[in-house]
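A structural walkthrough
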Amino acid sequence: MKNGASLIFKGLAHFLFSWYTRFILIEEVVIMTQPKFIKSMKIPSLENCLNVVKSCQNFISKVEIVDGVEIISFSYRLASFSDFDRQFARNLRSISFEKNTGKIVCLGFHKFFNYGENPFTEEKVISKWNPCGVFEKVDGSLILFFMVNGNLHAKTKMNSYSEQAQIAMEIVNRDSFFKGQIINDIENGFTPMFELISPRDPHVLNYNCVEELRYIISRNMTDGKYEIHSFNTIAVEQYHYSLSEVLDICVNDKIKNIEGFVVHFTNGEMVKVKTKLYIQNHHIRDNILNKRIVAEMILEEKIDDAKNQFRHSPYLIKFIEMIEKDVVNRYNEFLNNAQNFYNSNKELERKAYAIKAKSVFSDITFGLAIELFLNQLIDEKKFKKRFLRYWKDTENIEVVVNTEDEDN
């Protein structure tokens, strides 16, 4: 009888274990490695974008007057991996609409990540994807073209009047055939994307004083699919490497004067892989233990490279992420508090506004509120410098960093 009960118990235990591993664990793995990222890739409407901005302070919008039309663009500011774990979020990366009509006029790349940067791009996840293209990642500025009132315009992620956008328009205006190709692509429902290389817009790599637009890809503004079209300009290099070959090239710097690669997969995903030399040229490895430098990298949106470089060093990743959380939360809180105060009190006279602001704010938010009143906008480049000085004096992050497990 005891033997029979024992066999029944073993059989039941085996059944429960099999059921758990086949269904529960599989479901947990799917949830862990495929968060809401499938839904986050859907093409959002203007209303969807506004709702994402309302739900998370790390997503932002900006309105510009282009050809007499209000154009609203959306992107993110210092957003973390988890911020994109929400519907539509990954397409808030330079997407633009006519504000009054809700018509989409520009759809750039969806948000994608470095290889190994987070749980979604770990080797065990990506190894199940099928690569379908490998493209050179050019070290320039991303330029997107769009049409308003029948006229062609260029923009960077959030700015139609940036120096880079102006240089891009200078280039296309010198070649009417090239300009016509871009206009035709847009009229067919696509956003053509280019990388601007120019000595007037210096980056890490040197392209021998060349000034040109290198064609990357076009994206359908209706379904979000990517297509390669033909343009009268140089296109980024395409390769027939496997993912393992890409990793080998980048780790061992087998190709010189290249930032890295963007690998496309059949499921619509992409990952960035940058060369070891390129990352080192940003001085990431030498400076990573300096909290102020890490904070500066976060504000300049360069911290992803560091996290990828040290993905095998849990202590360093913990160190970076604690600083990142503190910097991002406090930086956005200052900006949002100042903006909300200005929106509620901008009708006051200058003296009354200043007195009220002084009674509400005792930190650097007061200066931001005054700047908004005087200029209707904040010079974030200057504020980042002030913020870094303030943050250095007030941060209280204590992390013991063990560098013995660094991947040398």
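Relevant structure appears above.
In what follows, the accompanying structure is described. Residue positions are given per chain, counted from 1 along the sequence in the order it is written. Predicted model: local features are reported for residues with pLDDT of at least 70 only, side-chain atom pairs are reported and counted for 80 or more only, and whole-chain, interface and lining totals are derived from all residues. Side-chain descriptors were evaluated using all non-hydrogen atoms of the structure, hydrogens and water having been removed beforehand.

To continue, consider the packing of aromatic side chains. Under the pairing criterion, centres of Phe, Tyr and Trp rings, with the six-membered ring standing for Trp, must be within 6.5 Å; the plane angle then separates stacked pairs below 30 degrees from edge-to-face pairs above 60, leaving the rest tilted. One pass over the full model with this rule turns up 26 aromatic pairs. Between Y331 and F383, the ring centres sit 5.2 Å apart and the planes meet at 35°, which makes this aromatic pair tilted. Placement of the pair is Y331 in helix α12 (residues 314-345) and F383 in helix α15 (residues 380-394), with a sequence separation of 52 residues. Exposed residues in this analysis have more than 50% of their type's maximum accessible area, buried residues have under 20%, and partly exposed residues fall in between, with area computed by a 1.4 Å probe over protein chains only. Assessed through its relative accessible area of 0%, Y331 is described here as buried. Looking at F383, the relative accessible area reads 0%, which means it is buried. Each ring, one from F341 and one from Y353, has its centre 5.2 Å from the other, and the planes form 70°; the classification is edge-to-face. Taken together, the residues span a long stretch of sequence, with F341 in helix α12 and Y353 in helix α13 (residues 350-360) at a distance of 12 residues. Given the relative accessible area of 7%, F341 is considered buried. Among the aromatic residues, those joined into a cluster by ring pairs are F59, Y76, F81, F84 and F113. Positioned above the aromatic ring of F366 is the side chain of K358, whose terminal nitrogen or guanidinium carbon lies 4.8 Å from the ring centre. Think of it this way: any DSSP run of H or I at least four residues long counts as a helix, any run of E at least two long counts as a strand, and we number them from the N terminus. For a ring to carry a charge above it, either NZ of a lysine or CZ of an arginine must fall within 6 Å of the ring centroid while also lying within 35 degrees of the normal to the ring plane.

Further remarks concern the nonpolar core. We call a set of buried residues a nonpolar core when its members are Ala, Val, Leu, Ile, Met, Phe, Trp, Tyr or Cys and they connect through side-chain atoms within 4.5 Å of each other. Counting 36 residues, the largest nonpolar core has I298, I323, V327, F383 and F387 as its most contacted members. Taken together, the elements giving at least two residues each to this core come down to α10 (291-299), α11 (303-309), α12, α13, α14 (365-375) and α15. Not counting the four nearest positions on each side in its chain, V327 is found in contact with A295, I298, L299, F387 and W391. Counting residues in each nonpolar core, the second largest holds 22 residues, with C106, V148, V236 and M270 among its members. Here, two residues are considered to be in contact whenever any of their heavy atoms come within 4.5 Å of each other.

Further remarks concern the side chain of R77. As for its position among the elements, R77 is in the loop between β2 (69-76) and β3 (95-98). What qualifies as a polar contact is a pair of N or O atoms within 3.5 Å, subject to a donor-acceptor requirement within protein and to the restriction that residues adjacent in sequence count only when both atoms come from side chains. Reaching out from R77, the side chain makes a polar contact with the side chain of N332 at a distance of 2.7 Å. Residues contacting R77, with those up to four places away along its chain left out, are Q57, N58, I60, Y331, N332, L335, N336 and E380.

In a pair of packed helices, the angle between the axes and the distance between the axes together describe the arrangement. Relative to each other, α10 and α12 sit at 60°, their axes nearing to 9 Å. One way to sum up the angle between α10 and α12 is to call them oblique. Seen from above, α10 lies across α12 with right-handed handedness. Contact with α10, carried on its side by K291, V294, A295, I298 and L299, involves F319, I323, E324, V327, V328 and Y331 of α12 and no other residues of that element. Residues are grouped as follows: nonpolar covers Ala, Val, Leu, Ile, Met, Phe, Trp, Tyr, Cys and Pro; charged covers Asp, Glu, Lys and Arg; every other residue, Gly included, is treated as polar. Looking at the contact of α10 with α12 residue by residue, the class counts come to 9 nonpolar, no polar and 2 charged. In this analysis an axis means a line fitted to C-alpha atoms, helices contributing only their contacting stretch, and an angle means the value between N-to-C directions, from 0 to 180 degrees. Roughly parallel covers angles under 35 degrees, roughly antiparallel covers those over 145, roughly perpendicular covers 65 to 115, and oblique covers all other angles. Left-handed describes a crossing whose near helix is turned anticlockwise from the far helix through less than a right angle; right-handed describes the clockwise counterpart.

Moving on: the pairing of strand β1 (residues 59-66). With 8 bridges joining them, β1 and β2 adopt antiparallel strand pairing. In the sheet register, I60 faces β2, and the bridge partner there is S75. Note: two strands are recorded as paired if DSSP finds a minimum of 2 bridges between them. Connecting the antiparallel pair β1 and β2 is a turn made up of 2 residues, with D67 showing a positive phi of about 55°.

What follows is about the side chain of D139. Position of D139 relative to the elements: it lies in the loop between β6 (131-137) and β7 (141-148). Lys and Arg are tallied as positive, Asp and Glu as negative. Neither His nor the chain termini are counted. Every case where a carboxyl oxygen of Asp or Glu lies within 4 Å of a side-chain nitrogen of Lys or Arg is listed as a salt bridge. In this structure, D139 is buried with no salt-bridge partner, the nearest side chain bearing the opposite charge being K137 at 6.5 Å. Those residues in contact with D139 that sit more than four places away from it in its chain are H203, V204, L205, Y207, E259 and Y278.

Glancing now at the packing of α10 against α15. In contact at an axis separation of 11 Å, α10 and α15 are set at 145° when each is read in the N-to-C sense. Pair α10 / α15 crosses with right-handed handedness. On the side of α10, the interface is formed by K291, R292, A295, E296 and L299, while α15 contributes K384, F387, L388, R389, W391 and K392.

Let us now look at the sheet that holds β1. With respect to topology, 4 strands assemble into an open sheet ordered β1-β2-β3-β4, the strand pairing being antiparallel. Every interior strand has two partners, whereas the edge strands, β1 and β4 (104-106), have only one. Direction aside, neighbouring strands of the sheet carry axes that sit 30° apart on average. The strands that helix α3 (residues 46-55) touches are β1, β2 and β3; relative to β2, the one it contacts most, it runs at about 50°.

Attention shifts here to the pattern of salt bridges. Considering all chains together, one arrives at 16 salt bridges under this definition. Across the salt bridge formed by K62 and E64, the nearest N and O atoms sit 3.7 Å from each other. For E64, a relative accessible area of 7% corresponds to the buried category. Across the pair E301 and K157 runs a salt bridge, and its minimum N-O distance is 3.6 Å. Here E301 is found in the loop between α10 and α11, whereas its partner K157 is found in the loop between β8 (151-155) and α5 (163-173), with 144 residues between them in sequence. We classify K157 as partly exposed; its relative accessible area is 29%. Bridged by salt links that share partners, the residues K137, E259, K274 and D305 form one connected network.

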